[in-house]
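# Summary of the model geometry
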Amino acid sequence: MQMQSPAQVMGIDAGGTMTDTFFVRQDGRFVVGKAQSNPADESLAILASSRDALAHWQRDVDDVFPELVTCVYSGTAMLNRVVQRKGLDVGLIVNKGFEHVHSMGRAIQSYLGYALEERLHLNAHRYDEPLVPLARTRGVTERTDVQGEIVIPLREEEVRQRVRELVEAGSKALVIVLLQSHKNGTSERLVRDLAVDELARLGQDIPVFASVDYYPQRKESHRMNTTILEAYAAEPSRQTLLKVSDRFKQHGAKFDLRVMATHGGTISWKAKELARTIVSGPIGGVIGSRLLGQVLGHDNVACSDIGGTSFDMALITKGNFTIAADPDMARLVLSLPLVAMDSVGAGAGSFVRLDPYSDAIKLGPDSAGYRVGTCWPESGLDTVSVSDCHVVLGYINPDNFLGGAIKLDVARARDSIQRQLATPLGLSVEDAAAGVIELLDLHLREYLRANVSAKGYNPTDFVCFSYGGAGPVHAYGYTEGLGFKDVIVPAWAAGFSAFGCACADFEYRYDKSVDLALPQVAAEADKLAAVATLQRAWNELTEKVIDEFRINGFPPEDVILRPGYRMQYMGQLNDLEIDSPLARAEGVADWDRIVGAFEETYGRVYASSARSPELGFSVTGAIMRGMVLTQKPVLPEDPEDGPVPPESARLGSRRLYRRGQWHAATTWKMESLRQGNRITGPAVIESDATTFVVPQGFGAWLDKHRLFHLHEIDPAGKEAS
């Protein structure tokens, strides 16, 4: 028996519905696994998914895990913990008189996530319960002004008293956030040290989090929310990751588990700032899309990811994605660098209901999650989901869901749709189910179009990557008529986010607010002072980056440092993130290069004519990234096999309902199709992990990288341009 090339890279996407795993061998070949998620113990779902993937190689986890060089995890457990308010009991120390700041939040938090019609009416808004209640919030006497000067010194005995009170109130972690600490962290660090000392005196092993150590940035609400997340959600999630890491070690793994971070790099699960991993799965898809775009020569990519619960999209322009500095997550404003994405709560598992007043079909935002729908007899569900419609319409094979691990009941799905949708609407079961799919596709299509157009772009300048477990099922529906240059569906679409995680750099990133403002024509002394301030911030952040890698066993000489900054024209509301054109900032000429890089980026993002140097320039933040080289996936390159698929790939046919009639769709086995093979709809291409629907009026062909290219066909039978 010929020895297989050893496995080297593993990616994990632990979603709310399914857990996907992605394994890459040294020769570039890869496999994808899928299993139902297990919220009670993610490590078991990862193990099941791994076994599903490795069965394609006739191998087991005990053979493969010891071979792996690196493994990257992404998941939603931390985000779910925040949404469900199931975090640690945190105690909060703030300036006296500002105890209500966290409870009040920012006004924007009251309508985050609402539809337009609900945003328009104040009586529809609500504030969520704060992560830290007032009962565990204490104020201390101290004041630092906006210039960073301490005008009211800290009262140390008062701090000790507040710590004792918070311990008595049941706090399991302490968070410290003082005004203007990003300007001068002296008082906040003193509170931290006093708290640690007092806790030691009390014999309490409680972690302490000071915002100056984690997120030294302006905007108190953002900084406070993010630091609280470190204590409230990140620390409990660290225990989840420890369990995952231990499960790997039980099967011989030697790698150190990494986690996808919000900025698009990966960090160790032991990292200090673990809140940066609050959302990671969808980001993996953006990283993977950028890599594929580079391989295929596409600079402009629209990324679209449909899972069981949501539709996530992002844009890559000129080979780069945007980083949002002050994003919101779980209805909280945060101080995290986050790959800019837009999401809507509609996916393959979304519940379908009729509005009791208008009889209009409403999709989501809640979903069946890992329970699929009423079509799974063991789900315990009685509300129709989108997946029930898929089964009834013939889109997915009820006997091959998750490779046959779960058997779906078509009759049960039909009965649920009949009672809940078809009869009240006076429609047949098929027309009711088809209406749900068409409505979902319309929503996603308009959402995709609006997000591209709102940023000043045209879909005709972009290729669209469609992935996620349900991406291949809906790709034709939400891209039809938009005019994308190409619509690409990876054969491993179900595990594409896990693939993207495996593509990501092992990278730490730290940010710090700075305030630099110079006119267009500035004195040399002012330029020198500005670059000195920026370099001091870079030096401070570099120490943090090096410390993180040192924890993971990497010496400083292995770390590649990449400084950056955020800049805007003075008076503007929004800044841009810029990769620094120089490694160090030291002289007058360096300031001019910093400005030049900003203006070049500004002209690319907006337009050259929109540049406004006469306003002057403002640097709002310093950024330092550090990375080390790691093993990454290599895309396969299959030999050319011609346009006609091999007969061995044909599975048979089944009926597919679309636009008021049944069609006889040819079914194909995805893994058996070869480079150059062309499929004309109606057809369904099946794998154990996903289903690719190619309806009448569409065609698809498979390239050497195992990427399907979906295209519309005009009535004459030719590919639409």
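Every chain is numbered independently, its residues counted from 1 as its sequence is written. Selection of residues for local features in this predicted model requires a pLDDT of at least 70, selection of side-chain atom pairs for listing and counting requires 80 or more, and totals for whole chains, interfaces and linings are taken over all residues. Water and hydrogen atoms were dropped before computing side-chain values, which therefore reflect all heavy atoms in the structure.

With an unreviewed UniProt entry as reference, the protein chain is termed Acetone carboxylase subunit beta, source organism Bordetella genomosp. 1.

## A closer look at the UniProt feature "domain: Acetophenone carboxylase-like C-terminal" (unreviewed entry) in the protein chain
Keep this limit in mind: UniProt positions are given in the numbering used here, feature names are shortened, and annotations may be inferred rather than shown by experiment. Numbered from the N terminus, helices here are DSSP runs of H or I no shorter than four residues, and strands are runs of E no shorter than two.
According to UniProt, the "domain: Acetophenone carboxylase-like C-terminal" (unreviewed entry) feature falls on residues 522-712. Along residues 522-712 one finds 24% helix and 35% strand; the C-alpha atoms at either end are 56 Å apart.

## Considering helix 15 (residues 496-503)
The cut-off we apply is this: To sort residues, take the accessible area from a 1.4 Å probe on protein chains only and compare it with the maximum for the residue type: under 20% means buried, over 50% means exposed, and anything in between is partly exposed.
Burial within helix 15 is extensive, with eight of its eight residues counted as buried. Of all the positions in helix 15, only Phe-496, Ser-497, Ala-498, Phe-499, Gly-500, Cys-501, Ala-502 and Cys-503 are classed as buried.

## Notes on unusual backbone geometry
A cis amide bond, omega 5 degrees, links Gly-681 with the succeeding residue Pro-682. Tracing the backbone through its elements, the reader meets Pro-682 in the loop between strand 31 (678-680) and strand 32 (683-686). At Lys-318, a position not held by glycine, the phi torsion is positive, near 50 degrees. The topology assignment puts Lys-318 in the loop between strand 14 (311-317) and strand 15 (320-321). Of note, Arg-706 is a non-glycine position whose phi angle comes to about 65 degrees, a positive value.

## Re the packing of helix 11 (residues 386-393) against helix 12 (residues 410-425)
Relative orientation and spacing of two packed helices are given, respectively, by the angle between their axes and the distance between those axes. In plain terms, the rule: Think of each axis as a best-fit line through the C-alpha atoms, taken over the contacting stretch in the case of a helix, with angles from 0 to 180 degrees between the N-to-C directions. Each crossing gets its hand from how the near helix is turned against the far one by less than a right angle, where anticlockwise is left-handed and clockwise is right-handed. Only heavy atoms matter for contacts: two residues are in contact if any of them lie within 4.5 Å across the pair. Only Asp, Glu, Lys and Arg are considered charged in this grouping, and only Ala, Val, Leu, Ile, Met, Phe, Trp, Tyr, Cys and Pro are considered nonpolar; every other residue, Gly among them, is considered polar.
Orientation of helix 11 relative to helix 12, taken along the N-to-C sense of each, is 115 degrees, at an axis distance of 9 Å. For the pair helix 11 and helix 12, the sense of crossing is left-handed. Residues Asp-388, Cys-389, Val-391 and Val-392 of helix 11 lie in contact with helix 12, whose contacting residues are Val-410, Ala-413, Arg-414 and Ile-417. Grouping the constituent residues of the contact of helix 11 with helix 12 by class yields six nonpolar, no polar and two charged.

## So, the environment of Ala-35
Secondary-structure assignment places Ala-35 in strand 3 (residues 30-36). Measuring from C-alpha to C-alpha, the distance between Ala-35 and Ala-683 comes to 25 Å, with 648 residues separating the pair along the chain.

## Overview of the pairing of strand 4 (residues 70-75)
Short version of the rule: A strand pair is defined by DSSP finding two or more bridges across the two strands.
Strand 4 sits mainly inside the fold: six of its six residues count as buried. Side chains Thr-70, Val-72 and Ser-74 of strand 4 all project onto a buried face; the interleaved residues Cys-71, Tyr-73 and Gly-75 project onto the opposite face, where all are buried too. Direction of pairing for strand 1 (residues 7-14) relative to strand 4: parallel, over a ladder of six bridges. Residue pairing in the sheet places Val-9 in a bridge with Thr-70 of strand 4. Two strands pair when backbone bridges link them, and strand 4 and strand 11 (residues 258-260) are joined in this way by two bridges, in the parallel orientation.

## Describing the sheet that holds strand 9 (residues 173-176)
The four strands lie next to each other as 6-5-9-10, forming an open sheet whose pairing is parallel. In the strand order of this sheet, the two ends are held by strand 6 (137-140) and strand 10 (208-210), each with one partner. On average, each strand axis in the sheet is tilted by 20 degrees relative to the strand beside it, whichever way the strands run. Here helix 7 (residues 186-202) sits on the sheet in contact with strand 5 (90-95), strand 9 and strand 10, set at roughly 175 degrees to strand 10.

## Things to note about the nonpolar core
Keep this limit in mind: Only buried Ala, Val, Leu, Ile, Met, Phe, Trp, Tyr and Cys residues count toward a nonpolar core, and they belong to the same one when joined by side-chain atoms within 4.5 Å.
With 160 residues, the main nonpolar core has Phe-23, Phe-248 and Trp-492 as its most contacted residues. Those residues within four positions of Trp-492 in sequence are excluded, and the remaining contacts are Phe-22, Phe-30, Val-32, Leu-292, Phe-499, Leu-635, His-705, Arg-706 and Leu-707. With 38 residues, the next largest nonpolar core counts Ile-267, Trp-538, Met-624 and Val-628 among its residues.

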